[in-house]
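Given next are the chains, with one letter for each unit.
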Amino acid sequence: MDVPRHWREQIKRYRLVGSKCKKCGKLSYPHRLVCPKCRSREYEEHQFIGRGKIISFTNINSPPKEHRYNLPYAVALVELMEGPVITAQITDARAEELEIGMEVEMVTRKIMEYNEDGIICYGYKFRPIVEYAHP
Amino acid sequence: MSDNVSVIGVGLGKVGEHWEKSLRDLAIESIWMAFEDSGIDKVDALYVGNMSSGQFVEQEHLGALIADFAGLGPIPAVKIEAACGSGGAAFIEGYMAVKSGMYDYVLVTGVEKMTDVLPSKTTSILANASDRDYEAFNGVSFVGLNALVMRRYMHEFNVKREELSIFPVISHKNAPFSKHAMYRKEITLEAVINSPIIADPLTLMDCAPICDGAASVILCSEKKAREFTDNPINVSGVGLATDSLGVHDRVHMTTLSAAVEASKKAYKMAGVGPKDIDILEIHDAFSIMSALSLEDMGFAKKGEGTKMALEGQHYIGGDLPINLYGGLKARGHPVGATGVYQIGELVYSLRGDGRVDAERGLAENIGGSGATISACILERGG
Amino acid sequence: MKPSKAVGIVGYGAYIPKYRIQTTEIARVWGNDPNLVPIREKSVPGSDEDSVTIAIEIARNALMRASIDPRDLRAVWVGSESKPYAVKPTSTIVAEAIAATPFVNAADWEFACKAGSETVQACIAYVGSGMAKYALGIGVDTAQGAPSDALEYTAAAGGAGYIIGSAKESLAVLEGSISYVTDTPDFWRRQHEHYPKHGNRFTGEPSYFRHVISSSKALMEELGTKPDDYTYAIFHQPNRKFPLEVSKILGFGKEKVLDGLVSPYIGNTYAGSALLGLAAVLDKAKEGDKIFCTSYGSGAGSDSFSFEVTDKLAERKVKAPSVKSYIERREEIDYARYARYRKKIRM
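Calculation criteria
- Residues numbered from 1 in each chain as written.
- Chains lettered and ligands numbered in written order.
- Predicted model: local features only at pLDDT ≥ 70, side-chain atom pairs only at ≥ 80, totals over all residues.
- Helix = DSSP H or I, 4+ residues; strand = E, 2+ residues; numbered from the N terminus.
- Rg over C-alpha atoms; globule rule 2.2 N^0.38 Å.
- Buried ≥ 20, exposed ≤ 12 C-beta atoms within 10 Å, placed from the backbone.
- Contact = placed C-beta atoms within 7 Å.
- Domains from an automatic or database assignment.
- Nonpolar A, V, L, I, M, F, W, Y, C, P; charged D, E, K, R; others polar.
- Axes fitted to C-alpha atoms, helices over the stretch in contact; angles between N-to-C directions.
- Parallel < 35°, antiparallel > 145°, perpendicular 65-115°, else oblique.
- Left-handed = near helix turned anticlockwise from the far one by under 90°.
- Core = buried A, V, L, I, M, F, W, Y, C linked by C-beta atoms within 7 Å.
- Pairing = 2+ DSSP bridges.

> Can you lay out the overall build of chain C for me, pointing to particular residues and giving the numbers?
Secondary structure assignment for chain C yields 12 helices and 14 strands. On C-alpha atoms alone, chain C measures out to a radius of gyration of 18 Å, which is about the 20 Å that the 2.2 N^0.38 rule sets for 347 residues. Viewed in the frame of its principal axes, chain C has a C-alpha envelope of about 55 × 45 × 35 Å. Within chain C, buried positions represent 58% of all 347 residues. A separation of at least 24 residues holds for 77% of the contacts in chain C among residues at least 6 apart in sequence.

What follows is the structure, given as structure tokens:
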């Protein structure tokens, strides 16, 4: 029964909510109870915009078992516009499209599921930005 | 000032896929090899280095299990865990126990039994060394995390993948001599470059193999050690440091700051610097980790970790021989045991195995993607 | 037909997954005549997409256009026949993801392909009664046809959603809405079955045509409007043929339906179908345009809507990706990958 451990992270994962140090303003994702910069324990929730750029990436061919259904997939270090770097999958992109510096946007996708009868875990992934073409 | 601490016994079990042996069989075999090597058969305490017995073989509580089955009696025995850095961390605990005067004889055993589960489960278990909720949850494997660091390194320092491919070649060069190694053969640079991509840019041959193994060393004061030998091998400096668990939280993605910190502590304690190190056992679980380790422990400038390797200086006979018993790549990387294998191998080299005449060596053991790193300096007791 | 308080659409959002399978590829696998395929290609959700993730994309696009605080939404309603959970609401996940929780009504609606439009009608009533300031209704599906069945050629993924608010804030004001429902079993899926069954040609005349025509006629009669009054018309689009034919019968002609006819390019998105067509029309429409829209859901029924576009549409439509940009964002896949993504191969 892995429900509580995913449930308690849901909002942070669905919406990309991290924390902001009330003292020095340092932003963190995932949220931190103690500021890694000034050690203050006062913080507030921070909603990240969900845009950033790829600073490194790899294509996973040999995945942990719970991610097998999703093969092949890319994982990247994404530097958010606001500063923090996070580890996330890149979706809706071919492996050969990826490059360091590529701009990406956050989407909420299915990250993993506990077989056919367990819970489905949703969370953040990033994809190449969808252009706003209008007729 | 308390007495120096010496290593008086080494037992390195054969690394490989031991279908017929259990975790306890492997551990006990190495313990009794170390007893035979040392000339004693009793210790006051046992420290077990192990990463994930609970998940690999569903067995926790290794201290008591191994103490019991090895016939050690009712001694204090605990497991020390720091992912792939468990062995080095356990060794430092054992060192401190002797150094403090608490125990006279201490046994440190590193053991990992990895082959009882399918490879995809192994991948999942190893990923637990990362931030489970914010790295592994998102599908990044342990190999993947190293690939992320490697691509960033290649990008920042304009290094080619093929340049890093030299490290597995160096480790394998020494493997035929290494009786306990998993792969006792040399490999070519082309073989590494052309091996299948596992998580680009990392190839299969950039990665140390999944395997089973156990290694044990026995520690005591130098004074006691001299009752058994005229040439004890002393522990002259140890350092252990940590860094953020997640690669994404590192200030410098391509610096192992725990290696910087740990090696500084070890150098300071030993009163030496990188130039005084004759041989090196580095944590080459992935080729990129070799380059970073050399840089961050002061053997190369940032971005130039491959330079000496490409010049041939890390082979036996070069300025700084590394991984004289095959390293993680050829000896094998039974994760929690690796750090203890490295100590045992340094002892073999310093005792004199006919290949190098080294006074002093350093062993570097990495846990996770660099979140725990230990550095231990051993030298010949005069 | 019309709430006591004037309401309209304050924001809308669409989403279509990027993967496409050519229907000739499906015909190749099953040995059918590639010249007889009903449409060119259909959208396929990626292996990490389902009705929840598509609904979240839709909701975010709608919020961008509406520029409202999600906490002001009093309802997040999702209509779908492809819920990832048989029991457990899709809508709570969507509401949580867009930060509309916790003071919000969330529910999943089911009425085959009409499930989406009925959430919009319910939002109209919810806001029109004064109970809600804003309400979000979404129609979404990742529809599956049985392998080799005629429906496999068109069952697609995508959808659209509408935030309903007061008329003065609206980009299109509602003139009226009506429903027409009978018990007509033309298409169904029993509990625990993977794929739906259908009545073949029975899905046509007594089902689709009878309900779409009756509902459309009733609304125009109530409003006193006629096809000539409308700039655009959208009808549920299981294929290319049906909506064109129904438009002709009703007297809208061909030109008025073409801009909202997306099924030839992406297939039938079931509960998302008519709503996606409406979004495509809004992407194009101008102030003063009148839009007529009728959905159809098997089982069976239709919801009809009449809207008039306001001056607010022009600045809002550019705030999120258009239907056209999603149609153009495409990657072709073969049947094998399609079968894998759709879990037609058991692992």
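> Quick one: what's the story with the domain arrangement of chain C, residue by residue and with numbers?
All names here are of chain C. Considered domain by domain, chain C is made up of domain 1 (7–171 + 314–341) and domain 2 (173–312). Measuring from the centre of the C-alpha atoms in domain 1 to the corresponding centre in domain 2 gives 16 Å. Contact with domain 1, which involves 50 residues of that partner, is made by 44 residues of domain 2. The greatest single-element share of the side of domain 1 that touches domain 2, amounting to 6 residues, is contributed by helix H4 (residues 115–128).

> Pulling in residues and values, what's your account of the domain arrangement of chain B?
Residues and elements named next belong to chain B. In terms of domains, chain B is made up of domain 1 (5–118 + 211–225) and domain 2 (121–206 + 233–380). Distance between the C-alpha centres of domain 1 and domain 2: 22 Å. The interface of domain 1 with domain 2 comprises 43 residues on the first partner and 39 residues on the second. Looking at the side of domain 1 that touches domain 2, the elements with two or more residues in it are strand S1 (5–12), helix H2 (53–56), helix H4 (86–99), strand S4 (106–112) and strand S7 (213–221). For the side of domain 1 that touches domain 2, the class distribution of residues is 24 nonpolar, 15 polar and 4 charged.

> Residue-level account of the environment of Glu113 of chain A, with values.
All names here are of chain A. With respect to the helices and strands, the residue Glu113 is situated in strand S7 (residues 103–113). Classification of Glu113 by C-beta neighbours within 10 Å gives partly exposed; the count is 17. Contacts of Glu113, omitting those with residues within four sequence positions, involve Gly118, Ile120 and Cys121.

> Outline the packing of helix H1 (residues 23–38) of chain B against helix H3 (residues 62–69) of chain B, listing residues and values.
Residue and element names in this part refer to chain B. Relative to each other, H1 and H3 sit at 60 degrees, their axes nearing to 10 Å. In terms of orientation, H1 and H3 fall into the oblique class. Crossing of H1 over H3 shows right-handed handedness. Every residue of H3 that contacts H1 at Arg24, Ala27 and Ile28 is listed here: Leu65, Ile66 and Phe69.

> Requested: an account of the nonpolar core, with residues and values cited.
Counting residues in hydrophobic clusters, the biggest one holds 267 residues, and the most contacted among them are Cys376 of chain B together with Val94, Cys123 and Ile164 of chain C. Sort the elements by how many residues they give to this core and helix H2 (residues 51–66) of chain C lands first, with 9 residues. Not counting residues up to four positions away in its chain, the partners in contact with Val94 of chain C are Val52, Ala55, Ile56, Ala59, Val76 and Val78 of chain C.

> I'd like to hear about the sheet that holds strand S7 (residues 157–166) of chain C, residue by residue, with values.
All names here are of chain C. Strands sit in the order S5-S4-S6-S7-S1-S8-S13-S12-S11 across an open sheet of 9 strands; the sheet is mixed. The open sheet has two edge strands, strand S5 (105–109) and strand S11 (232–235), and neither has a second partner. Mean inter-strand twist for the sheet, computed between neighbouring axes without regard to direction, equals 20 degrees. Direction of pairing for S11 relative to strand S12 (residues 290–294): parallel, over a ladder of 4 bridges. Within S12, the position partnered with Phe235 by the bridge is Thr294.

> Any details on the arrangement of the chains? Residues and values, ideally.
A comparison of contact numbers over the 2 pairs of chains in contact places chains A and B at the top. With respect to C-alpha atoms, chain B approaches chain C no nearer than 12 Å, and the pair has no contact.

> Break down the interface of chain A and chain B for me, citing the residues and quoting the values.
Opposite the 28 residues of chain A that make contact, chain B presents 29 residues. Of all the elements, strand S4 (residues 51–60) of chain A adds the most residues to the side of chain A that touches chain B, at 6 residues. Grouping the amino acids of the side of chain A that touches chain B by side-chain chemistry returns 14 nonpolar, 10 polar and 4 charged.

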